[in-house]
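# Descriptive structure summary
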Amino acid sequence: MLPIVQFPGLVERYAPYFVDAFSDEALIEFKRYLSGLIVSENKTVDGINRLCVMENRNQSSLNRLLTASPVSLDQVNRARLQVLADIPETRLKPNGVLSLDNTLLMHYGQQFEEIAKLYDHVSGTYVWAHDLVTLHYSDDHTDYPLAFELWKPLNVERLETCIRMAGIKMQAGKEKLKDSDPLKWRSYLHSLWQRRHTQWPELEQVYASKLIIARRLVQAWVSDHPDLKLPVTFDSWFTQPELCRYIDRTLKLAYVGTRNASDKILLKTGEQELGQFAEQLKQEHLDGKSVFRRLAIAYKGEQEVYYSYCNTHRLPGFGKQRLVINYRHADLSDTPVFYISNRLKWQAPGMTRIRRHRWPVEVYHEEGKAEGLDQYQLREFNAIQRHVAFVAVVYSLLRAAQYDTGLHRQIQRQLKITFEGHPAAVRRTVDAQNLWNLALLIRTGLSLKQTLDSILAPLLRAIAT
């Protein structure tokens, strides 16, 4: 890991987009932070500050960028999306797909504002974490986050106050739980919120579930893009009747959701689990009836083959839905997946293609963590939100750089190497450019009769620490 002696060409090229979002001093700190997120292995403020020797400043300057600088994250996000909109390959397209997902940003200890003990499905344990909800865009050329929001845990005192101010009646016998059993009191207030928040919108100002955050993210995107009717896809956790009805009836968008084998389907013979229904169809298919048909879809330049059943059925809580059951193996020996849609005339290939574009949001969350998404040591919630937004900027700039021919030519002239497009190669090229800049610094210092010791002293300190 080499010290940063000059802002990477990638950062300098796109910095003008963000001029209006920062003061002159804050813009320098912003460029330092982006450079550190790209180059440094240590993504903390301290790690980035130590590595940025070309702007030798006190760490407090970076801290102020995250905690005190009057920065509008909405303005930063709009500038980030404008970078992508100005490149044909990364701008929004009519065949693109929106996806919703969340991820845990795990930490040890409780010293972070709005952190909560949450269940981690990967480890099967409860961990201290912030929960990030993301609205993501994907097409066959690119993908990147459109909007995101950190979930805040329920504040019992604020919710109780709001419920009382709204005049919502509480059971008299439940109020004694406030002192005798705070956990049950919290659970009772939460159940009141669940039953009444649709009738009393002010309750959603006090507490927003991840489903409400997801709804807000999609609604805001639709308001900004009223003529671009992109479908929305999500996993089984987000496939809830409340969210699906909102996307269908209020936003007038198509969706492709996900169901589990244990979820129910309503048949003429009665209610049945989807897994049992799929097993019956599979048996009919293996007995010679053509139930599952082979289909091929294009995804990110590759062709994928599935064996699909597609029909319209009723599902409890959802009403009529287009149902797709997919296998990957011709003998149907693998585990089936279940997708539903509010578009009752859609066929399996279209629904499968849309649902396939949900995967990039998971890749973003994984790669974003490599970019530092969960590597902050910041305690204040607003500072953490800025850090998350700046990581999204880095991810988006790497995506833009894939197709930025002007940047390609600039780097090829300087480094005499062929520029490869994918984000990992862009990052390696930034590292190579950083090495080149370091060599130029040493050469310039020697030409000015500086000693090698004096040139290398600050660089060695940066590496050693």
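Residues numbered from 1 in each chain as written. Predicted model: local features only at pLDDT ≥ 70, side-chain atom pairs only at ≥ 80, totals over all residues. Heavy atoms only, no water.

### Points about the packing of helix α2 (residues 24–39) against helix α15 (residues 381–403)
Rules: Orientation is described by lines fitted to C-alpha atoms, with helices fitted over the stretch in contact, and by angles between N-to-C directions that extend from 0 to 180 degrees. Only runs of H or I of at least four residues qualify as helices and only runs of E of at least two qualify as strands under DSSP, and these elements are numbered from the N terminus. Any angle that is under 35 degrees is reported as roughly parallel, and any over 145 degrees as roughly antiparallel; angles of 65 to 115 degrees are reported as roughly perpendicular and all others as oblique. Take the far helix as the reference: if the near one is turned anticlockwise from it by less than a right angle, the crossing is left-handed, and if turned clockwise, right-handed. The criterion used for residue contact is that any of the two residues' heavy atoms lie within 4.5 Å. Here the nonpolar group is Ala, Val, Leu, Ile, Met, Phe, Trp, Tyr, Cys and Pro; Asp, Glu, Lys and Arg are the charged ones; every other residue, Gly included, is treated as polar.
Here α2 crosses α15 at 65°, and the two axes come no closer than 10 Å. When the axes of α2 and α15 are compared, the pair comes out roughly perpendicular. The two elements α2 and α15 meet at a crossing, and its hand is right-handed. Residues F30, Y33, L34, L37 and I38 of α2 lie in contact with α15, whose contacting residues are H387, F390, V391, V393, V394 and L397. Class assignment for the residues of the contact of α2 with α15 results in ten nonpolar, one polar and no charged.

### Here we look at the pattern of salt bridges
Selection rule: Only one rule defines a salt bridge in this text: a Lys or Arg side-chain nitrogen within 4 Å of an Asp or Glu carboxyl oxygen. For every residue, the accessible area obtained with a 1.4 Å probe (protein chains only) is divided by the maximum for its type, and the residue is called buried under 20%, exposed over 50%, and partly exposed between those limits.
All told, the structure shown has 19 salt bridges when counted by the stated rule. In this structure, D404 engages R13 in a salt bridge whose closest nitrogen and oxygen atoms are separated by 2.6 Å. Of the two residues, D404 is situated in the loop between α15 and α16 (405–415) and R13 in helix α1 (residues 9–14); the sequence distance between them amounts to 391 residues. Residue classification places D404 among the buried residues on the basis of a relative accessible area of 8%. The partly exposed category is assigned to R13, whose relative accessible area is 34%. Across the salt bridge formed by R215 and E204, the nearest N and O atoms sit 2.5 Å from each other. You can see R215 sitting in helix α10 (residues 210–224) and its partner E204 sitting in helix α9 (residues 202–206), a full eleven residues away along the chain. By relative accessible area, R215 is classed as buried at 18%. Here E204 falls in the buried class, since its relative accessible area comes to 11%. A network of salt bridges, in which partner residues are shared, links E160, R164, E175 and K178.

### A few points about the side chain of N77
For N77, the position within the fold is in helix α5 (residues 73–85). Among the residues examined, N77 registers a relative accessible area of 15% and is labelled buried.

### With respect to the packing of aromatic side chains
Selection rule: Only rings of Phe, Tyr and Trp enter the pairing, Trp through its six-membered ring, and a pair is recorded when the two centres are within 6.5 Å. The plane angle decides the type: under 30 degrees is stacked, over 60 is edge-to-face, the rest tilted. A ring is scored as having a charge over it whenever the NZ atom of a lysine or the CZ atom of an arginine sits within 6 Å of its centre and within 35 degrees of its normal.
Within the structure shown, the criterion is met by 17 aromatic pairs. Judged by centre distance (5.3 Å) and plane angle (65°), the ring pair of Y119 and Y126 falls under edge-to-face. The exposure class of Y119 is partly exposed, given its relative accessible area of 36%. Here the aromatic residues F18, F22, F30, Y33 and F390 are joined through ring pairs into a cluster of three or more. The ring of Y299 has R356 lying over it, and the distance from NZ or CZ to the ring centre is 4.0 Å.

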